[in-house]
Amino acid sequence: MAERIGADRAHVSAMERGVQNVTLLTLWHTAQAVGVKPADLLAEIDSTEES
């Protein structure tokens, strides 16, 4: 993922763990890398929904 968004692996790890703030640009690049809308990355997951 880090390579796909042009970030350091440690930065991506920190973002995943919630200890690193994410800039809008990083959010945009991450969404592009995984093929979703940036808003989809920010949406809360309903624990009652089934995957």
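Anything mentioned here points back to the structure above.
Quick look at the structure, then. In this text the structure is predicted, and so the values were computed from the model without any measurement. (Residues numbered from 1 in each chain as written. Predicted model: local features only at pLDDT ≥ 70, side-chain atom pairs only at ≥ 80, totals over all residues. Heavy atoms only, no water.)

1. Notes on the overall build of the protein
Now for step 1: The secondary structure content of the protein amounts to four helices and zero strands.
Now for step 2: Counting helices and strands in the order they occur from the N terminus, the protein gives α-α-α-α.
Now for step 3: Counting only C-alpha atoms and orienting by the principal axes, one finds that the protein spans roughly 35 × 20 × 20 Å.
Now for step 4: Going through the 51 residues of the protein one by one, you find that 20% of them count as buried.
Now for step 5: Relative to all contacts within the protein whose residues are 6 or more apart in sequence, the contacts with residues 24 or more apart total 23%.
Now for step 6: Summed over its atoms, the accessible surface of the protein is roughly 4,400 Å², and 50% of this surface lies on carbon and sulfur atoms.
Now for step 7: One way to put it: in the protein the 4 positive side-chain charges average out to a point 10 Å from where the 8 negative ones average out. (Helix = DSSP H or I, 4+ residues; strand = E, 2+ residues; numbered from the N terminus. Buried < 20%, exposed > 50% of the residue type's maximum accessible area, 1.4 Å probe, protein only. Contact = heavy atoms within 4.5 Å. Areas by Shrake-Rupley, 256 points an atom, 1.4 Å probe, with all protein chains shown as cover. Lys, Arg positive; Asp, Glu negative; His and termini not counted. Charge placed at Lys NZ, Arg CZ, Asp CG, Glu CD.)

2. Overview of the side chain of Thr26
Now for step 1: One can find Thr26 in helix H3 (residues 24–34).
Now for step 2: Owing to a relative accessible area of 16%, Thr26 belongs among the buried residues under this scheme.
Now for step 3: The residues touching Thr26, leaving out its near neighbours within four places in the chain, are Ile5, His11 and Met15.

3. Re the layout of surface pockets
Empty space among the atoms can be located by rolling a probe the size of a water molecule over them.
Now for step 1: Empty space within the largest pocket amounts to approximately 220 Å³.
Now for step 2: Around the largest pocket sit Met1, Ile5, Val12, Met15, Glu16, Val22, Leu27, Thr30, Val34, Leu41 and Leu42, which together line it.
Now for step 3: Contributions of two or more residues to the lining of the largest pocket are made by helix H2 (9–17), H3 and helix H4 (38–42). (1 Å grid on protein atoms, 1.4 Å probe; cavity = no way out; pocket = protein on both sides within 12 Å on 5 of 7 lines; lining within 4 Å. Points joined across faces, edges and corners; volume = space filled by probe spheres on them.)

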